[in-house]
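What follows is the residue order along each chain.
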Amino acid sequence: MSEAANSVPNFNRKGSGDSGGMAGGLSASLGSGAARTSLEVFVIILVAVIIIGGAEFLLRWFEVPQYVLPTPSQIAVALVTEFPNYWPHLLVTLKELLVGFAIGASIGFVLAAVITQFPFVEKVVTPYILLLVTTPMLALVPLLILRFGFGSEPRIIAVALASGPMVMINAATGFRRVDRAKIALARSFGANTLQIFTKIRIPMAMPMIIVGLMVGSIFGLLTTVGAEMVGGAEGLGNRLTYYSSLIRMPQFFAVILILAMIGISIYVFFFWLGKKWASWEA
Amino acid sequence: MSAAASKPQDTVPRTRLVVDHATLHYQTRSGPLHALDNVSLDVREGEFLCIIGPSGCGKTTLLWSMAGLINLNGGAITLDGQRITRPNPEIAMIFQDANLLPWRTVEKNIQLPFELKRKAMDRPRINKLLERVGLGGFNDKYPRELSGGMQQRASIVRSLAVEPSILLMDEPFGALDAFTRDEMNLLVQEIWMETGKTIAFVTHSIPEAIFLADRIVVMSARPGRIAAIVDVDLPRPRRVEIQTEPEFIARVMDIKVMIDHQRGARADHSMIG
């Protein structure tokens, strides 16, 4: 009868571009991986060569002075030859970012998990979380420096304050997606409250949790660099103010390039995590 | 349990699940909703019971109460004399739209009840069950890679895997097309005849109920009440084709008249009220 129709699986997975639906833009290029054809590789490289080579050519042709905009080759030389100078600052920035983000994200995650269980508490708390999300935490850095000095502490606190609410608000959206039938399913097999949380609620919230972690960590990076520019003598943000005050623009742009690399690494990491843990949500 | 199941068919089957004057009302925004009103019925050992009624008649609520997922306001539900207030390992539920967890493969879905009970899953037995329902080799597929019928087959295996003696099925094939539905009904009949499980099956399709059931409980809506209980003595195994026979159609008409009569009576009543 209709056995054939019923036993042919409906493979709605498209093989390559199955991005997990959590990140637009870059996802198409990042997600396709091995499925890329040699023509696509050629075009990607060609466009990069045209953009970088074109910039090099135009900057030389119009004799743009180095203190206005250095050429890509000058930036590359500054990045490679002076890398040992940036290295300790890179470590400081990464440490502040990781510690601040770990603190903020953990608190944000736990708060989201707890608060969504109590709708009334959620109503009371949400306006303050929104306030934390929308207020630039950089504004607090001068105050934090007054209290904690010029070390890493004020920046770590600022990063935690910037990333935590982002993680919380997104994770809360995930935890709010209650599927009565799935919870009933777990209960019908004898699940207790903790098991319902770990086996049903967390996996169901996972796509939004990962989005929150991604946005939160990018906000954390912005805040780290901003806070380093405000005060202190360490970190990549501090190097930006330092090199620009000395009009050493190749070095300045080399630092920006490092920051961009950190940002992209964060994005790629969470994109990978999303593919791994949340790709079921097409 | 197995001793009881192996009893010869001609002895009077004992009663397993008893619903005794079950009453349930919810508070909704538009006032209290009387979902169940003094519902009494019993489910006998090894029988196939269908519960049918218009939408909103409380048949799903009744089934969820029998599974221990909803607590009653009045009356009681007992399994072998023991009151049911929470889910019982003797009872497994099969939900609407299969209700597979989309982040788990077929095998991991079937493994869920074992994880919850911290027990090891008997893999060869699961593979046998999967093969029995026509899903052999689909262990590592995700639900989204399966058709609706195949998803429901996987969910049936998940429920059979925990070896319950009673299966409660909540409109399991409501979302499937007619052909797939016929296939699934045949499969359920086969599984029921092979395993001797007690099944309570909620549906809003009269032909489906007549095709599957030994007895049909007809419910009326608002408040949810039992309007009639109908015996179906068609010989088994029943073939899909019997649905076109005049006798079968006459049975469908009988039940349809019962439901329409109830709805008509309610409409009249509301006109007066």
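*Asks:* Which residues make up the overall build of chain A, and what are the values?
*Replies:* Counting its regular elements, chain A contains 12 helices and zero strands. Its helices and strands in sequence order give chain A the pattern α-α-α-α-α-α-α-α-α-α-α-α, from N to C terminus. In chain A, buried positions account for 43% of the 282 residues. In chain A, 75% of the contacts between residues at least 6 apart in sequence involve partners at least 24 apart. When the accessible surface of chain A is totalled, it reaches about 15,000 Å², and 73% of it is carbon and sulfur.

*Asks:* I'd love a proper account of the sheet that holds strand β2 (residues 31-44) of chain B, names of residues and values included.
*Replies:* Residues and elements named next belong to chain B. Strand order across the open sheet formed by four strands is β2-β1-β4-β5, with antiparallel pairing between neighbours. On the outer flanks of this sheet lie β2 and β5 (82-83), each paired with one strand and no other. With two bridges connecting them, strand β4 (residues 74-79) and β5 associate as antiparallel partners. For Thr-78, the partnering residue across the bridge sits in β5 and is Arg-83. The strands that helix α2 (residues 59-66) touches are β1 (15-28), β2 and β4; relative to β2, the one it contacts most, it runs at about 60°.

*Asks:* Hey, could you go over the interface of chain A and chain B for me, with residue numbers and the actual values?
*Replies:* Contacts between the two partners involve 28 residues from chain A and, on the opposite side, 34 residues from chain B. Summed over both partners, the interface of chain A with chain B comes to about 3,000 Å²; 60% of that surface belongs to carbon and sulfur atoms. At the surface where chain A touches chain B, the tally comes to one salt bridge. Across the salt bridge formed by Glu115(B) and Lys199(A), the nearest N and O atoms sit 2.8 Å from each other. Counting across the interface, chain A meets chain B through six residue pairs in polar contact (both at pLDDT 80 or more). The set of elements that each furnish at least two residues to the side of chain A that touches chain B consists of α1 (3-7), α9 (180-188) and α10 (193-230) of chain A. Here the element with the most residues in the side of chain A that touches chain B is α9(A); it accounts for eight residues.

*Asks:* How would you sum up helix α7 (residues 141-148) of chain A? Please name residues and give values.
*Replies:* Residue and element names in this part refer to chain A. What α7 keeps buried is the set Val-141, Leu-144 and Ile-145. For α7, the arc enclosing every buried residue in end-on projection is 105°, short of the 170-degree limit, so these residues lie on one face. Opposite the buried face of α7, at more than 90 degrees from it, the exposed residues are Leu-143, Leu-146 and Arg-147. In this structure, the buried residues of α7 make contact with α8 (153-176) and α10.

*Asks:* Help me get a handle on the packing of helix α5 (residues 83-115) of chain A against helix α11 (residues 236-245) of chain A, residues and values and all.
*Replies:* Each pair of packed helices gets described by two things: the angle between the helix axes and the distance between those axes. Residue and element names in this part refer to chain A. Interhelical geometry of α5 versus α11 gives an angle of 135° and a closest axis separation of 8 Å. Here α5 is positioned oblique relative to α11, judged by the angle of their axes. On α11, the residues that touch Asn-85, Tyr-86, His-89, Leu-90 and Thr-93 of α5 are Leu-236, Asn-238, Arg-239 and Tyr-243. Considered class by class, the residues forming the contact of α5 with α11 number four nonpolar, four polar and one charged.

*Asks:* Could you give an account of the confidence of the model for chain B, with specific residues and numbers?
*Replies:* All names here are of chain B. Within chain B, residue pLDDT values average 89, and 92% of them lie at 70 or more. Counting contacts from residues 1-8, a segment whose pLDDT is below 50, to residues more than four positions away or on other chains yields five contacts. Quick note on the complex model: pTM equals 0.82, ipTM equals 0.88.

*Asks:* Go over the pattern of salt bridges with me, naming the residues and quoting the values.
*Replies:* Residue and element names in this part refer to chain B. With the rule as written, the count across this model stands at 27 salt bridges over all chains. Ionic pairing is found between Glu-90 and Arg-16, a salt bridge with its closest N-O pair at 3.8 Å. Note that Glu-90 is positioned in the loop between β5 and β6 (91-94) and Arg-16 in strand β1, a separation of 74 residues in sequence. A relative accessible area of 3% places Arg-16 in the buried class. The shortest N-O distance in the salt bridge between Arg-181 and Glu-208 comes to 3.0 Å.

*Asks:* Quick rundown of the packing of aromatic side chains? Include the residues and the values.
*Replies:* This structure, assessed with the given rule, holds 17 aromatic pairs over all chains. Each ring, one from Phe101(A) and one from Phe270(A), has its centre 6.4 Å from the other, and the planes form 70°; the classification is edge-to-face. With Phe101(A) in helix α5 and Phe270(A) in helix α12 (residues 249-278), the pair connects residues that are 169 residues apart, well separated along the chain. Phe270(A) shares its class with Phe101(A); the two are buried. Considering the side-chain rings of Phe48(B) and Phe201(B), the 5.9 Å spacing of their centres and the 45° angle between planes classify their relative orientation as tilted. With Phe48(B) in strand β3 (residues 48-52) and Phe201(B) in strand β8 (residues 198-203), this pair connects stretches of sequence that are 153 residues apart. With respect to burial, Phe48(B) and Phe201(B) carry one shared label: buried. Here the aromatic residues Phe83(A), Tyr86(A), Trp87(A), Tyr242(A) and Tyr243(A) are joined through ring pairs into a cluster of three or more.

*Asks:* Please set out empty space enclosed by the protein residue by residue, giving values where relevant.
*Replies:* Residue and element names in this part refer to chain A. In this structure the tally under the stated criterion is three cavities of 30 Å³ or more. Estimates place the volume of the largest cavity at around 40 Å³. What lines the largest cavity is Gly-174, Phe-175, Arg-177, Val-178, Asp-179, Ile-183, Ile-200, Arg-201, Met-204 and Ala-205. Of all the elements in the fold, those that place two or more residues in the lining of the largest cavity are α8 and α10. Sorting elements by how many residues they give to the lining of the largest cavity places α10 first, with four residues. Class assignment of the residues belonging to the lining of the largest cavity gives a composition of six nonpolar, one polar and three charged.

*Asks:* Could you give an account of α9(A), with specific residues and numbers?
*Replies:* Because each turn of an α-helix spans 3.6 residues, side chains separated by three or four positions end up pointing in the same direction. Every buried residue belonging to α9(A) is among Lys182(A), Ile183(A), Ala184(A), Leu185(A), Ala186(A) and Ser188(A), and all of these are buried. Among the structural elements, α10 of chain A together with α2, β6, α3 (106-116) and α5 (148-161) of chain B are those in contact with the buried residues of α9(A). A positive phi of about 85° marks Gly190(A), the residue just after α9(A).

*Asks:* Which residues make up the confidence of the model for chain A, and what values do they have?
*Replies:* As a general rule, the predicted coordinates of low-pLDDT regions are not to be interpreted in detail. Residues and elements named next belong to chain A. Chain-level pLDDT for chain A is 86 on average; 87% of the residues reach the 70-or-more range. Mean pLDDT per element in chain A: α1 is the minimum at 37, and α5 is the maximum at 96. Contacts for the low-pLDDT stretch residues 1-32, under 50 throughout, to residues beyond four places or in other chains number 54 contacts.

*Asks:* Describe in detail unusual backbone geometry, supporting the description with residues and values.
*Replies:* When glycine is set aside, most residues are seen to have a negative phi, and most peptide bonds are trans. Residue and element names in this part refer to chain B. A cis amide bond, omega -5°, links Arg-236 with the succeeding residue Pro-237. Position of Pro-237 among the secondary structure elements: in the loop between β10 (225-231) and α8 (246-272). In the Ramachandran plot, His-21 falls in the positive-phi region, its phi being about 50° despite a non-glycine side chain. Among the secondary structure elements, His-21 is positioned in strand β1. Judged by its relative accessible area of 43%, His-21 falls in the partly exposed class.

About the thresholds
- Residues numbered from 1 in each chain as written.
- Chains lettered and ligands numbered in written order.
- Predicted model: local features only at pLDDT ≥ 70, side-chain atom pairs only at ≥ 80, totals over all residues.
- Heavy atoms only, no water.
- Helix = DSSP H or I, 4+ residues; strand = E, 2+ residues; numbered from the N terminus.
- Buried < 20%, exposed > 50% of the residue type's maximum accessible area, 1.4 Å probe, protein only.
- Contact = heavy atoms within 4.5 Å.
- Areas by Shrake-Rupley, 256 points an atom, 1.4 Å probe, with all protein chains shown as cover.
- Pairing = 2+ DSSP bridges.
- Axes fitted to C-alpha atoms, helices over the stretch in contact; angles between N-to-C directions.
- Buried area = accessible area lost by both parts, 1.4 Å probe.
- Salt bridge = Lys/Arg side-chain N within 4 Å of Asp/Glu carboxyl O.
- Polar contact = N/O pair within 3.5 Å; in protein donor to acceptor, adjacent residues only side chain to side chain.
- Arc of directions from axis to C-beta.
- Parallel < 35°, antiparallel > 145°, perpendicular 65-115°, else oblique.
- Nonpolar A, V, L, I, M, F, W, Y, C, P; charged D, E, K, R; others polar.
- pLDDT = per-residue confidence, 0-100.
- Phe/Tyr/Trp six-rings, centres within 6.5 Å; stacked < 30°, edge-to-face > 60°.
- 1 Å grid on protein atoms, 1.4 Å probe; cavity = no way out; pocket = protein on both sides within 12 Å on 5 of 7 lines; lining within 4 Å.
- Points joined across faces, edges and corners; volume = space filled by probe spheres on them.

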